[in-house]
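Residues per chain, in single letters:
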Amino acid sequence: MSDQPSEASRPPENPKEAGAPRPPEPSAAREAAGTPERQPDPTAARSAGAPAADTARQSAVWDPAPPQASGDRARAQAARKAAPPGSPWQYGAGAHSAEDNDVTARIRPPAPPLIGPAVLGSVLATALLSALFLGDGLGVNLLIVAAPAALAAFFAARAAGRRLRPWTATWALGGLALLAVPALRDAGWPTFLAVVSAFALGSLALHGSRSWLGVLIGSLGLFDSVVPGIIWGVRGVRARADGSRARWGAALRTTVVALVLLVVFGTLFASADAAFAELLGSLMPEASVGEGPWRIFLFALGLAGALAAAHAAAAPVRWDGITVRPGKPRGRAEWALPLIVLNLLFAAFITLQLVVLFGGYDKVRDVTGLSHAEYARQGFWQLLWATLLTLLVIALALRWAPRGGAGDRTLVRSVLGPLCVLTLVVVASALRRMDLYVDEYGLTRLRISVAAMELWLGVVLVLILAAGVFGARFLPRAIAVSAAAGVLAFGLLSPDGLIAEQNVQRFEDSRSTAIDIDYVKDLSADAVPALDRLPEPERSCALRIIQNDVLDDDTPWYATSWGGARAKEILEKRPVKGDARDCYRAGREGTRDGYEPDDDGYDPY
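So, how was this worked out
Every chain begins its residue count from 1, and numbering advances along the sequence as written. The predicted origin of the model limits local features to residues at a pLDDT of at least 70 and limits the giving and counting of side-chain atom pairs to 80 or more, whereas totals for whole chains, interfaces and linings rest on all residues. Hydrogens are left out, water is left out, and the side-chain values use all remaining heavy atoms of the structure. Working definition: helices are DSSP H or I runs of at least four residues, strands are E runs of at least two. Numbering for both runs from the N terminus. Three labels apply to residues, based on accessible area from a 1.4 Å probe with only protein chains included: buried if under 20% of the type maximum, exposed if over 50%, partly exposed otherwise in between. Working rule for contacts: check all heavy atoms of both residues, and any pair within 4.5 Å makes them a contact. Computed with a 1.4 Å probe, the accessible areas rest on the Shrake-Rupley method; for each residue, only the protein chains presented here act as cover. Exposure above 30% relative accessible area and the lack of any salt bridge qualify a residue for a patch; like charges then connect within 9 Å, and the nonpolar side chains Val, Leu, Ile, Met, Phe, Trp and Tyr within 5 Å. When a carboxyl oxygen of Asp or Glu is within 4 Å of a side-chain nitrogen of Lys or Arg, the pair counts as a salt bridge. Whenever a helix is involved, its axis is fitted only over the stretch in contact; in every case the axis is a line through C-alpha atoms, and angles between N-to-C directions fall within 0 to 180 degrees. Comment on the angle field: the value is read as roughly parallel under 35 degrees, roughly antiparallel over 145, roughly perpendicular from 65 to 115, and oblique elsewhere. We call a crossing left-handed when the near helix sits turned anticlockwise from the far one by less than a right angle, and right-handed when that turn is clockwise. Ten residue types, Ala, Val, Leu, Ile, Met, Phe, Trp, Tyr, Cys and Pro, are classed as nonpolar, four, Asp, Glu, Lys and Arg, as charged, and the remainder, Gly among them, as polar. Buried residues of nine kinds, namely Ala, Val, Leu, Ile, Met, Phe, Trp, Tyr and Cys, make up a nonpolar core once their side-chain atoms join them within 4.5 Å. The charge count treats Lys and Arg as positive and Asp and Glu as negative. His and the chain ends do not count. Every charge is mapped onto a representative atom, which is NZ of Lys, CZ of Arg, CG of Asp or CD of Glu. For a helix, the expected span equals 1.5 Å multiplied by the number of residues minus one. Two rings from Phe, Tyr or Trp (for Trp, the six-membered ring) form a pair when their centres sit within 6.5 Å of each other. Planes less than 30 degrees apart are called stacked, planes more than 60 degrees apart edge-to-face, and all others tilted. The quantity called bend is, for any residue, the angle between two axes fitted respectively to the seven residues ending at it and the seven beginning at it.

S.K.: Describe the overall build of the protein chain, and please don't skip the residues or the numbers.
M.R.: On a plain count of helices and strands, the protein chain comes out with 26 helices and zero strands. For the protein chain, buried positions account for 37% of its 605 residues. The long-range share in the protein chain, meaning contacts at least 24 apart out of those at least 6 apart in sequence, stands at 77%. When the accessible surface of the protein chain is totalled, it reaches about 33800 Å², and 65% of it is carbon and sulfur.

Structure below.
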């Protein structure tokens, strides 16, 4: 059907122009010319034999909107453009609006360009290396697999026209540095923290978030690109395969010929020289037919992960588009009085803490009657929780802070600034208590972990203070960087090595009648250099289990950490001596953490 109206159903117009169709005339032009708006005559339309519905439809086609309606529509559109972004949770369940579409448009990127040969090659290399190297443990193989995946993301971002920014480089280099922790340390718990943090930094490098929600969701945003990345890869391969069958065939033939040459000449050289055969065997990953399903799964995992990274680099989801409506500003008195009372309470508590920090625990013991260990144990966890709750109070106070002008900003800084400073003194007191307790009873994994956590909370408070002076633009990213730097430092310092070193030092300085063999024997291979200094039979009792794990382990080089390799070298030169029965009384004399070792009330903290 034609969109042009019939002659009989046209609105009345000038007889001179009746024989030619009249083009649509803009309402603004008609208003500027002073021409009045003419309404269609239903009587004339019906007299020509056209239904009323056709008349209305043709009137809508030919006659523009009235000037008043057109002006209202223009003003509404301008208001929508000038309005701030709305919250995606602003409307009720099932309600849709233009703002909902705007949020989706802000978050979802346009379609990425077709996957390129460089991206495809890097993705396939990642999948192949994952299948070959990730099946035997974690070590330097994570860096080997991450390198082509990072190249795939780089090529995809460059094809999409994205530029490398300083924060993107910071996230990427930080993630790769965190993957060095499994290559250096044998302990599983810092390795786990490093791998999770590396994934979060890699996701942030791909998405480039900067707001609180953007950094939080963006650290997990790579999961959102898994399915779109696979679809993008399949479509790209199909599109390129349709017009390049000859090139695909040439590439396949080249690969087959290269593999045949490597296998033939590699076998000849290996049979001709035993040293070359040993080197080749140590470099090549071992795989059997029984591991086929596991290797196929690793291949698929590496393929999906590399495609997700490349897709996120080419078309990142803009998580900063998700916004939360700020809290309702409160009055100055209503907002400030509770916080001032809290500051006074902190000041009263910290006055006593300053006496403890600078006056010594002897004065406190005279007043309270508590020993050093009891005083330290009594308050550390409470102070840790006080620090966490203070950070929550600061976040909520900023949400409902008055925002009327410069005076309100000064009030917020003058109230929250002292609270942050006082909380820093609480952090120092908690760390001092932990230091005293460790000096008295030794270091453990729990103690070093919570001390590191408390220290990082102090760093967060310092960053909040800096944001109050210089602005909070970089605060979300700065806190994320501090967390990643803390995890990296924690892994590089080798917590198991520090635990063993501190306990051995206490034993050598005669501050402990016996070393806790039951605890140190369960440490990782990172503790071997420190435990190797113990006298017999404590040395053999502490290293017996570790030696069984290290010497009987046939893990290939790419899944062996530097700490494990060093422990193996030490134990091969000086293996443990004696019988396990000699260890029954070793390390069981005296007290441990203020309790008898056989006491049922022993507290592992």
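S.K.: Describe a nonpolar patch on the surface, naming the residues involved and giving the relevant values.
M.R.: A contiguous nonpolar surface patch, about 720 Å² in accessible area, is contributed by V256, V257, V260, L261, V264, F265, L268 and F269. Inspection of the secondary structure puts V260 in helix 13 (residues 245-272).

S.K.: Before we move on, can you summarise the packing of helix 8 (residues 166-178) against helix 10 (residues 188-207) with the specific residues and values?
M.R.: The contact between helix 8 and helix 10 brings their axes to 8 Å, and the two run at 160 degrees. The angle between helix 8 and helix 10 falls in the class roughly antiparallel. As for how helix 8 packs across helix 10, the hand of that crossing is left-handed. Across from T168, W171, A172, G174, G175 and L178 in helix 8, the residues of helix 10 making contact are A194, S197, A198, L201, L204 and A205. For the contact of helix 8 with helix 10, the per-class residue count stands at eight nonpolar, four polar and no charged.

S.K.: Report on the nonpolar core, specifying residues and quantitative values.
M.R.: Soluble, globular proteins show a tendency: their nonpolar side chains are buried together. In terms of nonpolar packing, the biggest core is built from 59 residues, with W335 and L531 touching the most fellow members. Among the elements that take part in this core, helix 19 (residues 406-441) stands out by supplying 11 residues, more than any other. Those residues in contact with W335 that lie beyond four places of it in its chain are R330, A397, W400, A401, P402, L411, V412, V415 and L416. By size, the runner-up hydrophobic cluster in this structure holds 18 residues, among which are L134, L142, A194 and V487.

S.K.: Give me the side chain of S197: which residues, what numbers.
M.R.: Within the element layout of this structure, S197 appears in helix 10. Those residues within four positions of S197 in sequence are excluded, and the remaining contacts are L178 and V487.

S.K.: Which residues make up the packing of helix 7 (residues 141-159) against helix 15 (residues 292-314), and what are the values?
M.R.: Two numbers describe how helix 7 lies on helix 15: the axes approach to 7 Å, and their chain directions differ by 30 degrees. Between helix 7 and helix 15, the angle is such that the two are roughly parallel. By crossing handedness, the relation of helix 7 to helix 15 is classed as right-handed. For the pair helix 7 and helix 15, the contacting residues are A152, A153, A156 and A157 in the first and A309, A310, A313 and A314 in the second. Tallied by class, residues from the contact of helix 7 with helix 15 come to eight nonpolar, no polar and no charged.

S.K.: Account for a negative patch on the surface, naming residues and giving values.
M.R.: Negative charge collects at one region of the surface, where D186, D549, D552, D553 and D554 lie side by side. Structurally, the position occupied by D186 is in the loop between helix 9 (180-184) and helix 10.

S.K.: Tell me about helix 6 (residues 117-133), residues and numbers included.
M.R.: An ideal rise of 1.5 Å per residue puts 24 Å on 17 residues; helix 6 measures up with 24 Å between its terminal C-alpha atoms. Looking at helix 6, one finds that the buried residues are V119, L120, S122, V123, T126, A127, S130, A131 and F133.

S.K.: Residue-level account of the pattern of salt bridges, with values.
M.R.: Within this structure, the stated rule accounts for 11 salt bridges. Notably, a salt bridge pairs E501 with R533, separated by 3.0 Å at the nearest N-O pair. With a gap of 32 residues between them, E501 in helix 22 (residues 495-508) and R533 in the loop between helix 24 (528-531) and helix 25 (538-551) connect regions that are remote in the sequence. For E501, a relative accessible area of 31% corresponds to the partly exposed category.

S.K.: Any chance you could break down the packing of aromatic side chains for me, citing the residues and the numbers?
M.R.: A full pass over the atoms with the stated rule returns nine aromatic pairs. Taken together, a centroid distance of 5.8 Å and an interplanar angle of 20 degrees make the contact between W294 and F297 stacked. Taken together, the residues span about one helical turn, with W294 and F297 both in helix 15 at a distance of three residues. Residue W294 is classed as partly exposed on the basis of its relative accessible area of 41%. Overall, the relative accessible area of 47% leaves F297 in the partly exposed class. A connected cluster of aromatic rings, assembled from ring pairs, spans F133, W557 and Y558.

S.K.: Go over the environment of V427 with me, naming the residues and quoting the values.
M.R.: Structurally, V427 can be placed in helix 19. By relative accessible area, V427 is classed as buried at 5%. When the C-alpha atoms of V427 and L383 are compared, they prove to be 7.2 Å apart, with 44 residues separating the residues in sequence. With residues up to four places along the chain from it excluded, the contact list for V427 reads T387, E454, G458 and L461.

S.K.: Describe in detail the environment of P529, supporting the description with residues and values.
M.R.: Within the secondary structure layout, P529 lies in helix 24. Sequence-wise, P529 and I570 are 41 residues apart; in three dimensions their C-alpha atoms are separated by 7.6 Å.

S.K.: Which residues make up helix 25, and what values go with them?
M.R.: Structural remark: α-helix, 3.6 residues per turn; residues separated by three or four positions point the same way. The end-to-end C-alpha distance of helix 25, which contains 14 residues, comes to 20 Å, matching closely the 20 Å that a straight helix rising 1.5 Å per residue would cover. Within helix 25, the axis deviates most sharply at R544, by approximately 45 degrees. Counting buried positions over the 14 residues of helix 25 gives 10, a clear majority of the element. What helix 25 keeps buried is the set E538, R539, S540, C541, A542, L543, R544, I546, Q547 and V550.

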